Amino acid sequence: MTDYKRTLAIAATDVPTRTKVSNYPEPFFTRMTNRKKKALGEYFSLKNFGVNLTRLAPGGESALMHTHKKQDEMIYVIEGHPTLVTESGEVLLSSGMCAGFPANGEAHHLVNRSDRDVLYLEIGDRTEGDEVCYPNDDIRAALDESGTWRFTHKDGTPYQADRYR
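Residues numbered from 1 in each chain as written. Predicted model: local features only at pLDDT ≥ 70, side-chain atom pairs only at ≥ 80, totals over all residues. Heavy atoms only, no water.

**Quick look at the pattern of salt bridges**
The condition that has to hold: In what follows, salt bridge is the name for a side-chain nitrogen of Lys or Arg lying within 4 Å of a carboxyl oxygen of Asp or Glu. Runs of E in the DSSP output that reach at least two residues are strands. Runs of H or I that reach at least four are helices, and both are numbered from the N terminus. A 1.4 Å probe rolled over the protein chains alone gives each residue an accessible area, and that area as a share of the maximum for its type sets the label: buried under 20%, exposed over 50%, partly exposed in between.
The tally for this structure, following the rule as stated, stands at 8 salt bridges. Its salt-bridge partner being Arg 18, residue Glu 42 comes within 3.7 Å of it at the nearest N-O pair. Residue Glu 42 is found in helix α1 (residues 40-43), and its partner Arg 18 is found in the segment before β1 (35-39); the two are separated by 24 residues along the sequence. Residue Glu 42 is classed as buried on the basis of its relative accessible area of 17%. What makes Arg 18 partly exposed here is its relative accessible area of 32%. Put simply, Arg 31, Glu 61 and Asp 137 are held in one network by salt bridges that share partners.

Below you can see the structure in the form of structure tokens.
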């Protein structure tokens, strides 16, 4: 976790933006350049669940379309109009709307097809031993015992670390 100078309460927008754009290896890493995250959960040293304040610029996407094997997720839209893309269709969201994604549920992600930024909260638990399936891309992820995501091709071949950026 990042070591921030912590206060009891802070404006969410004042939490520093993550400097690391994504954990994905290339060619997926650069798809996340229109996404900026403020790790609110890390700021407060939360261990059981994570909370991010995420800003998607026009053309941005929240993540690759995915589903977690063990972890639940939820999003809450603060401003803007992201499109929730799932395996069964698309829904245009607006301020005040939320969506939840139980473990082993439908693959999903948000995309910003509008001409304005989208701001939303993403909340997820930190269940150990999670794995992530990406049905549209040649990638899979597993959370190792140290809490680090390890990415491989679907055939199990690791991505080369020197090609991540």
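**A short note on the packing of aromatic side chains**
Here is the rule: Each Phe, Tyr or Trp ring (for Trp, its six-membered ring) is paired with any other whose centre lies within 6.5 Å, and the angle between the two planes then decides the class: stacked below 30 degrees, edge-to-face above 60, tilted in between.
With the rule as written, the count across this model stands at 4 aromatic pairs. Ring plane angle 65 degrees and centroid distance 5.7 Å describe the contact between Tyr 24 and Phe 151, whose orientation is recorded as edge-to-face. Linking Tyr 24 in the segment before β1 with Phe 151 in strand β12 (residues 149-152), this pair joins segments that are 127 residues apart in sequence. Assessed through its relative accessible area of 7%, Tyr 24 is described here as buried.

**Focus on the nonpolar core**
Rules: Definition used in this section: a nonpolar core is a set of buried Ala, Val, Leu, Ile, Met, Phe, Trp, Tyr and Cys residues joined via side-chain atoms within 4.5 Å. In this analysis, two residues are considered to be in contact whenever any of their non-hydrogen atoms come within 4.5 Å of each other.
In this structure, Tyr 24, Phe 28, Met 32, Ala 63, Leu 64, Val 132, Tyr 134, Ile 139, Ala 141, Phe 151 and Tyr 159 together form the largest nonpolar core, which totals 11 residues. Apart from residues lying up to four places away in sequence, Ala 141 is in contact with Asp 130, Glu 131, Val 132, Tyr 134, Trp 149, Arg 150 and Phe 151.

**Here we look at the side chain of Asp 130**
Rules: When charges are tallied, Lys and Arg are placed among the positive residues and Asp and Glu among the negative ones, while His and the ends of the chain are skipped.
Looking at the secondary structure, you find Asp 130 in the loop between β9 (118-125) and β10 (131-133). For the buried Asp 130, which has no salt bridge, the nearest side chain bearing the opposite charge is Lys 70, at an N-O separation of 7.1 Å. In contact with Asp 130, not counting residues within four places along its chain, are His 68, Lys 69, Lys 70, Gln 71, Ala 141, Ala 142, Leu 143 and Trp 149.

**Notes on the sheet that holds strand β2 (residues 49-56)**
How we decide: Strand pairing is assigned whenever DSSP detects at least two bridges linking the two strands. Between N-to-C directions, angles cover 0 to 180 degrees, with each direction set by a line fitted to C-alpha atoms, over the stretch in contact for helices.
Strand order in the open sheet made by the 5 strands is β1-β2-β9-β4-β7, with antiparallel pairing throughout. Pairing within the sheet leaves two strands with one partner each, and these edge strands are β1 and β7 (98-101). Between one strand axis and the next, the sheet turns through 20 degrees on average, direction left out of account. Taken together, the 4 bridges between strand β4 (residues 73-79) and β7 define a ladder with antiparallel strand orientation. Looking across to β7, one finds that Glu 73 is bridged to Phe 101.

**Some points on the sheet that holds β12**
The antiparallel open sheet is built from 4 strands, whose spatial order is β3-β10-β11-β12. Looking at the sheet topology across the chains shown, the edges are occupied by β3 (67-68) and β12. Note that strand β11 (residues 140-143) and β12 share 4 bridges and pair antiparallel. Each bridged residue has a counterpart across the sheet, and for Ala 141 the counterpart in β12 is Phe 151.

**Some thoughts on the pairing of strand β6 (residues 89-92)**
Pairing of strand β5 (residues 83-86) with β6 involves 4 bridges; the strand directions are antiparallel. When the bridges of β6 are listed, Leu 84 appears paired with Val 91. Between β5 and β6, which pair antiparallel one after the other, the connecting turn spans 2 residues.

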